[in-house]
Amino acid sequence: MSSTRLSFVIAADPPARLDKAIARDVPEGAALSRTRLARLMADGAVTVDGAVASDPKAKVAEGAVIEVTVEAAEESHIGAEDIPLDVVFEDADLIVVNKPAGMVVHPAPGSPSGTLVNALMHHCGDDLSGVGGMKRPGIVHRIDKDTSGLLVVAKSDAAHHGLADQFAKHTVERYYRALVYGVPDGNDPRLRGVKGASFEPGNVLKLTTQLARHKTDRQRQAVLFQGGRHAVTRARLVARYGTPPVLSQIECWLETGRTHQIRVHMAHAGHGLVGDPTYGGKRKLARGALGEAAAEAVTGFDRQALHAAVLGFEHPISREMLRFEAPLPQDFADLLGILGD
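This structure is a prediction, so every number in the text was calculated from the model and none was measured.

With 12 residues, helix α4 (residues 157-168) should reach 16 Å at 1.5 Å per residue; the first-to-last C-alpha distance of 16 Å fits that figure. Residues of α4 that are buried: Asp157, Ala159, Gly162, Leu163, Gln166 and Phe167. On its buried face, α4 sits against α2 (34-42), β10 (148-154), β11 (173-181) and β17 (306-314). His170 lies just past α4 and shows a positive phi near 60°.

Summed over the entire model, instances satisfying the criterion amount to 4 aromatic pairs. Centroid distance Phe89 to Phe324: 5.5 Å. Interplanar angle 40°. Geometry classified as tilted. Taken as a pair, Phe89 in strand β6 (residues 87-90) and Phe324 in strand β18 (residues 321-325) lie far apart in primary sequence, 235 residues in all. Between Phe301 and Phe332, the ring centres sit 6.3 Å apart and the planes meet at 55°, which makes this aromatic pair tilted. On the criterion of sequence distance, the pair formed by Phe301 in the loop between α7 (292-300) and β17 and Phe332 in helix α8 (residues 330-339) is long-range, its members being 31 residues apart. The burial state of Phe301 is the same as that of Phe332; both residues are buried. Taken together, the ring pairs connect Phe89, Phe313 and Phe324 into an aromatic cluster. One Lys or Arg, Lys195, reaches over the ring of Phe225 and ends 4.4 Å from the middle of that ring.

The omega torsion of the bond from Thr243 to Pro244 falls at 0°, within 30 degrees of zero and hence cis. Position of Pro244 among the secondary structure elements: in the loop between β15 (229-241) and β16 (247-254). At Asp13, a position not held by glycine, the phi torsion is positive, near 50°. Looking at the element boundaries, Asp13 is found in the loop between β1 (3-9) and α1 (18-25).

Overall, the coordinates contain 17 salt bridges when judged by the stated rule. Measuring nitrogen to oxygen at the nearest pair gives 3.1 Å for the salt bridge that ties Asp185 to Arg240. Residue Asp185 is found in the loop between β11 and α5 (189-192), and its partner Arg240 is found in strand β15; the two are separated by 55 residues along the sequence. We classify Arg240 as partly exposed; its relative accessible area is 45%.

All right, on to empty space enclosed by the protein then. Counted according to the given criterion, the structure contains 1 cavity of 30 Å³ or more. Computed from the structure, the largest cavity encloses a volume of approximately 30 Å³. Surrounding the largest cavity, His141, Ile143, Leu150, Arg174, Tyr176, Ala308, Val310 and Leu311 form its lining. Every element with two or more residues in the lining of the largest cavity is listed here: β11 and β17. When residues of the lining of the largest cavity are assigned to their parent elements, the largest contribution, 3 residues, is made by β17. Here the lining of the largest cavity is composed, by residue class, of 6 nonpolar, 1 polar and 1 charged.

Secondary-structure assignment places Val232 in strand β15. Note: C-alpha distance between Val232 and Leu211 (21 residues apart in sequence) is 9.8 Å. Aside from chain neighbours lying at most four places away, what touches Val232 is Lys206, Leu207, Thr208, Leu254, Glu255, Thr256, Gln261 and His265.

We now examine the pairing of strand β12 (residues 197-200). Residue alternation in β12 divides its side chains into a buried set, Ala197 and Phe199, and an unburied set, Ser198 and Glu200. Strand direction decides the pairing type here: β12 and strand β13 (residues 204-213), joined by 4 bridges, are antiparallel. Bridging across to β13, Ala197 finds its partner in Leu207. Counting the residues that bridge the hairpin from β12 to β13 gives 3 residues, and of these Gly202 lies at a positive phi of roughly 85°.

Where α1 meets α2, the closest approach of the two axes is 10 Å, and the angle between their N-to-C directions is 125°. By the angle class used here, α1 and α2 are oblique. Seen along the crossing, α1 lies across α2 with a hand that is right-handed. Only Arg34, Leu37 and Met41 of α2 make contact with α1, whose side of the interface consists of Leu18, Asp19, Ile22 and Ala23. The residue inventory of the contact of α1 with α2, partitioned by class, reads 5 nonpolar, no polar and 2 charged.

What counts and what doesn't
Residues numbered from 1 in each chain as written. Predicted model: local features only at pLDDT ≥ 70, side-chain atom pairs only at ≥ 80, totals over all residues. Heavy atoms only, no water. Helix = DSSP H or I, 4+ residues; strand = E, 2+ residues; numbered from the N terminus. Expected span 1.5 Å × (residues − 1). Buried < 20%, exposed > 50% of the residue type's maximum accessible area, 1.4 Å probe, protein only. Contact = heavy atoms within 4.5 Å. Phe/Tyr/Trp six-rings, centres within 6.5 Å; stacked < 30°, edge-to-face > 60°. Lys NZ or Arg CZ within 6 Å of the ring centre and 35° of its normal. Salt bridge = Lys/Arg side-chain N within 4 Å of Asp/Glu carboxyl O. 1 Å grid on protein atoms, 1.4 Å probe; cavity = no way out; pocket = protein on both sides within 12 Å on 5 of 7 lines; lining within 4 Å. Points joined across faces, edges and corners; volume = space filled by probe spheres on them. Nonpolar A, V, L, I, M, F, W, Y, C, P; charged D, E, K, R; others polar. Pairing = 2+ DSSP bridges. Axes fitted to C-alpha atoms, helices over the stretch in contact; angles between N-to-C directions. Parallel < 35°, antiparallel > 145°, perpendicular 65-115°, else oblique. Left-handed = near helix turned anticlockwise from the far one by under 90°.

Structure (structure tokens):
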């Protein structure tokens, strides 16, 4: 396998640790993330003044000559599949796609093919410069199989690191549209009594809990208030449907991004998503609240009514602010149309 040798000099006032000094001074054009550099160091591919350096905590002086040997990116074991993609934006470092409902993001034992990653392997081909030393798309966030909408995927190691850092710092803008049972309204005394629920100005519902995998059903997430991972969801009422109102279209945005976060949080608040098979998305509607056609359309909607509509972030290489919007998919738009939207 071919390799590239990269040489550079540690600049003035280096950090106390070797790994941090190398990460600071490695040429930006090398597109090596801190994670990749750490792996290269552990593999003995980094030298300081000609001596192999594998201790990330070692000290390094100004003027030290660093050499990094980078093997060419390996071919991925994931198969490329010619699956159509709705590409919203693409350049040398990343791609933004509008994922259809029904597509899994990453291959897994239950879905080894037909995934977004399989499709990206075919679409990007030789444009994948290597993520973590392998020619593969860099998945930095996911949406559920039956949720539609926007995803950004890295095509290079540097973009992968930069995007992952933004998601970790919760600086990425993510707005979703959902159809839920009931009306999440600050005037509802029941909702104000739900633990973890509060309201902000503008009648914005804020849900703050911990989330963790359910103890007995490993396919579900559960709301906790000790342990688990911190999760914050906000939701704003967009439209009400029915007389009296029995359904609502809401806009949700995420402060954190946990598995099933919107679905489990809205169910916890008593406003589960229409069509959600995991968190109780099949409910009886008040008789006569909706017309017969509308009631049948709601009952027959066979996936969670959730769409990742807006995605905004800083381009990890150019530093340009990017923001994308994806219209509702046809099934969701048709459902709202029948409801009178």
